[in-house]
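Per-entry structural report
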Amino acid sequence: MDILSTAEAWMREGRSVAIATVVETWGSAPRPAGSHVVIDADGAFEGSVSGGCVEGAVVGEAAEVIASGEPRLLEFGVADETAWRVGLSCGGRIKVFVEKLA
Amino acid sequence: MRLDLLSRLNAARAARQAATVVTDLRTGDQRLVLDPSADPLAQAIGRALVSGKSCMAKESSGEDVFLNVHLPSPRLVIVGAVHVSQTLAPIATSLGYEVTIVDPRTAFASPERFPDVDLRAEWLDLASPSVGLDAFTAFAALTHDPKIDDPALIAALAAGCFYVGALGSRKTHAARRERLIAAGVDEGALGRIRAPIGLPIGAASPAEIAVAIIAEITAALRRPGERL
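Everything quoted here is computed from the prediction, not taken from an experiment.

1. Looking at the overall build of chain A
- A count of helices and strands for chain A gives three helices and five strands.
- The buried share among the 102 residues of chain A stands at 44%.
- Pairs at least 24 apart in sequence give 52% of the contacts found in chain A among residues at least 6 apart.
- Total accessible area on chain A is roughly 4,600 Å²; 49% of this is exposed by carbon and sulfur atoms.

2. Focus on the layout of surface pockets
- Counted as a void, the largest pocket has a volume near 1,400 Å³.
- Where the lining of the largest pocket is concerned, the elements lending two or more residues are helix H1 (3-12) of chain A together with helix H2 (42-51), strand E4 (64-70) and helix H7 (206-222) of chain B.
- Structurally, the lining of the largest pocket is a two-domain feature, drawing no fewer than three residues from each of domain 1 (3-70) and domain 2 (75-222) of chain B.
- Considering the residues around the second largest pocket, the lining is formed by Gly69, Pro71, Glu99, Lys100 and Ala102 of chain A together with Met1, Arg2, Leu5, Thr27, Gly28, Asp29 and Gln30 of chain B.
- A per-class count over the lining of the second largest pocket returns four nonpolar, four polar and four charged.

3. A closer look at the sheet that holds strand E10 (residues 193-194) of chain B
Residue and element names in this part refer to chain B.
- On the basis of which strands lie adjacent, the open sheet formed by six strands has the order E7-E6-E5-E8-E9-E10 and parallel pairing. Only two strands of the sheet have a single neighbouring strand rather than two, namely strand E7 (118-120) and E10.
- Taken together, the two bridges between strand E9 (residues 163-166) and E10 define a ladder with parallel strand orientation. Note on E10: the bridge partner recorded for Val164 is Ile193.
- Docked against the sheet, H7 engages strand E5 (75-79), strand E8 (137-141), E9 and E10, running at close to 155 degrees with respect to E9.

4. Looking at the domain arrangement of chain B
- If you check the domain split of chain B, you get domain 1 (3-70) and domain 2 (75-222).
- Each of domain 1 of chain B and domain 2 of chain B has a C-alpha centre, and these two points are 33 Å apart.

5. Considering the packing of helix H3 (residues 83-94) of chain B against H7 of chain B
Residues and elements named next belong to chain B.
- Two numbers describe how H3 lies on H7: the axes approach to 8 Å, and their chain directions differ by 45 degrees. Relative to H7, the element H3 is oriented oblique. As H3 runs across H7, the sense of the crossing is right-handed. Only Pro206, Ala207, Ile209, Ala210, Val211, Ile213 and Ile214 of H7 make contact with H3, whose side of the interface consists of His83, Val84, Thr87, Leu88, Ile91 and Ala92.
- When the residues that make up the contact of H3 with H7 are grouped by side-chain class, the tally is 11 nonpolar, two polar and no charged.

6. Regarding the packing of aromatic side chains
Residues and elements named next belong to chain A.
- Counting across every chain of the model gives zero aromatic pairs over all chains.
- Taking NZ or CZ as reference, Arg15 lies 4.1 Å from the ring centre of Trp10, over its face.
- Its guanidinium or amino end placed over the ring of Trp26, Arg93 lies 4.4 Å from that ring's centre, counting from NZ or CZ.

7. Examining the sheet that holds E4 of chain B
Residues and elements named next belong to chain B.
- The antiparallel open sheet is built from four strands, whose spatial order is E2-E1-E4-E3. Here the strands that pair on one side only, and so sit at the sheet edges, are strand E2 (30-33) and strand E3 (55-58). Across this sheet, the average inter-strand angle for adjacent strands is 25 degrees, counted without regard to direction.
- In this sheet, E2 lies alongside strand E1 (residues 19-24) in antiparallel orientation, the contact comprising four bridges. Each bridged residue has a counterpart across the sheet, and for Val21 the counterpart in E2 is Leu32.
- Each of E1, E2 and E4 is contacted by helix H1 (residues 3-14), which is oriented at about 20 degrees to E2, the strand it contacts most.

8. A word on the packing of H1 of chain A against H1 of chain B
- Where H1 of chain A meets H1 of chain B, the closest approach of the two axes is 10 Å, and the angle between their N-to-C directions is 135 degrees. Considering the angle they form, H1 of chain A stands oblique to H1 of chain B. Here H1 of chain A and H1 of chain B pass one another in a crossing that is left-handed. On the side of H1 of chain A, the interface is formed by Leu4, Ser5, Ala7, Glu8, Met11 and Arg12 of chain A, while H1 of chain B contributes Leu3, Leu6, Ser7, Leu9, Asn10 and Arg13 of chain B.

9. Concerning the confidence of the model for chain B
- Mean pLDDT over chain B stands at 94; residues scoring 70 or higher make up 100%.
- No element of chain B has a lower mean pLDDT than H2 of chain B, which averages 90, and none a higher one than E9 of chain B, which averages 98.

10. Looking at the interface of chain A and chain B
- Contacts between the two partners involve 22 residues from chain A, matched on the other side by 19 residues from chain B.
- Between chain A and chain B lies a buried interface of about 1,500 Å² when both sides are counted; carbon and sulfur atoms form 60% of it.
- Taken together, the connections running from chain A to chain B amount to 11 residue pairs in polar contact (both at pLDDT 80 or more).
- Broken down by element, the side of chain A that touches chain B gets its largest block of residues, six residues, from H1 of chain A.
- Looking at the side of chain A that touches chain B, its residues break down into 12 nonpolar, four polar and six charged.

11. Here's the deal with the environment of Arg75 of chain B
Residue and element names in this part refer to chain B.
- Along the polypeptide, Arg75 turns up in strand E5.
- As a C-alpha pair, Arg75 and Val99 span 24 residues in sequence and 5.9 Å in three-dimensional space.
- With residues up to four places along the chain from it excluded, the contact list for Arg75 reads Arg16, Tyr97, Glu98, Val131, Gly132, Asp134, Phe136, Thr137 and Ala138.
- One polar contact links the side chain of Arg75 to the main-chain carbonyl oxygen of Gly132, over a distance of 2.7 Å.

Rules behind the numbers
Residues numbered from 1 in each chain as written. Chains lettered and ligands numbered in written order. Predicted model: local features only at pLDDT ≥ 70, side-chain atom pairs only at ≥ 80, totals over all residues. Heavy atoms only, no water. Helix = DSSP H or I, 4+ residues; strand = E, 2+ residues; numbered from the N terminus. Buried < 20%, exposed > 50% of the residue type's maximum accessible area, 1.4 Å probe, protein only. Contact = heavy atoms within 4.5 Å. Areas by Shrake-Rupley, 256 points an atom, 1.4 Å probe, with all protein chains shown as cover. 1 Å grid on protein atoms, 1.4 Å probe; cavity = no way out; pocket = protein on both sides within 12 Å on 5 of 7 lines; lining within 4 Å. Points joined across faces, edges and corners; volume = space filled by probe spheres on them. Domains from an automatic or database assignment. Nonpolar A, V, L, I, M, F, W, Y, C, P; charged D, E, K, R; others polar. Pairing = 2+ DSSP bridges. Axes fitted to C-alpha atoms, helices over the stretch in contact; angles between N-to-C directions. Parallel < 35°, antiparallel > 145°, perpendicular 65-115°, else oblique. Left-handed = near helix turned anticlockwise from the far one by under 90°. Phe/Tyr/Trp six-rings, centres within 6.5 Å; stacked < 30°, edge-to-face > 60°. Lys NZ or Arg CZ within 6 Å of the ring centre and 35° of its normal. pLDDT = per-residue confidence, 0-100. Buried area = accessible area lost by both parts, 1.4 Å probe. Polar contact = N/O pair within 3.5 Å; in protein donor to acceptor, adjacent residues only side chain to side chain.

Structure follows, in structure tokens:
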């Protein structure tokens with residue numbers, strides 16, 4: 001099943017769900033704008049927003065978005081402080097929008 | 001995202017309808033656009049749909065919005081369960097195309113020759129909607145038999161397939177043009193047929209012809225409006 005169908009199915013099962021979307025990329029970002037990850041409150045996820053480098057951080061942020069209901073715009077890249085922890089090894093930068101499905 | 005918007009988006013995608021989700025990145029407000037002409041961002045959405053690339057845009061109010069375009073996955077419909085198709089179908093599948101092969105000749109359209117392909121031993125013409133030709137479909141006529149290829153070509157042109165190719169030499173195609181004109185196809189539509197089919201790479205074997213065809217289809221998909 002594709003990511004957005006998974007999101008709908010999880011929601012109908014009664015799970016709390018967040019959707020993360022790549023909204024902007026610079027340099028050699030591995031996944032294009034529009035790519036999705038769907039995450040539930042337990043941290044289960046499907047899909048990718050990078051080659052695997054920042055999914056962990058996105059899943060962590062998603063838990064807070066699910067709790068608060070407020071969307072967030074995240075930025076990852078080599079120029080970032082966070083890069084040293086969850087940076088993109090490819091040298092690209094990405095912006096990821098995380099929102100709760102309600 | 002609201003669940004009802006996601007449901008409508010998924011329904012549009014299932015119906016192979018192009019859809020765009022416009023998201024205000026500050027507030028999270030969203031709208032689903034199925035008819036871009038009626039939207040304030042009609043031009044930006046139109047450009048994103050043609051390029052197939054999701055991108056940022058600005059509302060007239062100055063807000064930054066994200067345009068996420070959802071286009072149906074491309075299809076390849078091949079008429080002719082022939083030798084070229086035996087290579088073309090698996091290459092196209094690996095490139096992400098949903099492949100359907102149609103050939104009314106049951107000796108050709110056998111599952112042994114085409115494992116793991118949507119194979120239909122039937123005729124393709126204007127009266128066969130089940131194959132689902134549309135603007136996100138590439139079409140290749142490969143039987144070399146006018147009574148099978150011609151009605152299928154007429155259907156593919158009428159459906160607005162983004163690529164329409166037909167096997168055969170220039171001489172064969174000249175004769176085909178005469179028949180299609182007699183059948184009522186206009187000159188503009190005829191000009192959309194790629195014939196001889198495939199990029200001119202000197203393809204000799206059936207497998208090489210398949211490579212020439214899939215390369216030409218890729219160019220039609222990724223560089224619409226350019227003829228290589």
